[in-house]
Structure formats: structure tokens, C-alpha cells
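Coordinate inspection notes
Chain by chain, the residues:
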Amino acid sequence: MAVPKQRHNSSRKNRRRGNIFIKTPVLVKCPKCGKPVLPHTLCGYCGYYKGTELVNVMAKLEKKEQKKRQKEIGEAKASEPKKEEKK
Ligand SMILES: [Zn+2]
């Protein structure tokens, strides 16, 4: 069995362990609904990716929730062009 030849000092140990932490995920805004999404991935909230619907999210929801979500997605869509106009 390999045996350590020399003792590693505390600063060396701390340098090694300085990189052991949970990285915060990089999130971008979904252009369709405005929810935070991982980049280059399908939005789980509205089912859109690159402007096309790939998953029908509404199919599994109940009618009440469908209405609610449709409203949220619609509102996000309506509010986005206003922001662009201001710039
Ligand atoms: Zn979305």
C-alpha cells in the first residue's frame, strides 16, 4: 500500500479543499415565459426551446392550471416587447 512520504501542511490541504464546493448554476431567462432556465436546455415550464414548442406542457395539467399557466406565458410574452422598446 502507498504510504505518504511527507506530511502535507494545512495551507496545502486548504488550497485543495478550496475548490470543493457546490457551484451555483448559471441560469438564463426563458425568452417565452421569463422563468430561469439552464442555458441550451428546454424550458420545463412552457416546453419551448429556440422558439419552437417541443413538449406539450399543457396536456398533463388540469384545466384550472392550464388557464393559469397560459395567462403567465401570455403575460410574459406581452411584457417582453415593451422592455425592448425602452432600450
Ligand atoms: Zn419557458
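Residues numbered from 1 in each chain as written. Predicted model: local features only at pLDDT ≥ 70, side-chain atom pairs only at ≥ 80, totals over all residues.

Structural notes on the overall build of the protein chain
The condition that has to hold: Strands here mean DSSP runs of E at least two residues long; helices mean DSSP runs of H or I at least four residues long; both are numbered from the N terminus. Exposure classes come from backbone-placed C-beta atoms, where a residue is buried if 20 or more other C-beta atoms lie within 10 Å of its own, exposed if 12 or fewer do, and partly exposed in between. Any pair of residues counts as being in contact when their C-beta atoms, constructed from backbone geometry, are within 7 Å of one another.
Secondary structure summary: the protein chain contains two helices and four strands in total. Every one of the 87 residues in the protein chain was classed for burial, and the buried ones make up 8%. Long-range contacts, defined here as pairs at least 24 residues apart, represent 17% of the contacts in the protein chain between residues at least 6 apart.

Looking at the nonpolar core
Definition in use: As used here, a nonpolar core is made of buried Ala, Val, Leu, Ile, Met, Phe, Trp, Tyr and Cys residues. They are joined through C-beta atoms within 7 Å.
Counting residues in hydrophobic clusters, the biggest one holds six residues: Cys30, Cys33, Val37, Cys43, Cys46 and Ile73. Contact partners of Cys46, with chain neighbours within four places excluded, come to Cys30, Lys32, Cys33, Val57 and Ile73.

Regarding the confidence of the model for the protein chain
Interpretation of the predicted coordinates at a detailed level should be avoided for regions scoring low in pLDDT. Counted only if it meets this: Confidence scores here are pLDDT values: one per residue, from the predictor, ranging 0 to 100.
Predicted confidence across the protein chain gives a mean pLDDT of 84, with 85% of residues reaching 70 or more. Mean pLDDT values for the elements of the protein chain range from 70 in helix α2 (residues 63–86) up to 96 in helix α1 (residues 10–17).

A word on the environment of Val37
Inspection of the secondary structure puts Val37 in strand β2 (residues 36–37). With 10 residues separating them along the chain, Val37 and Leu27 place their C-alpha atoms 5.3 Å apart. For Val37, the contacting residues outside a window of four places in its chain are Leu27, Val28, Cys30 and Cys43.

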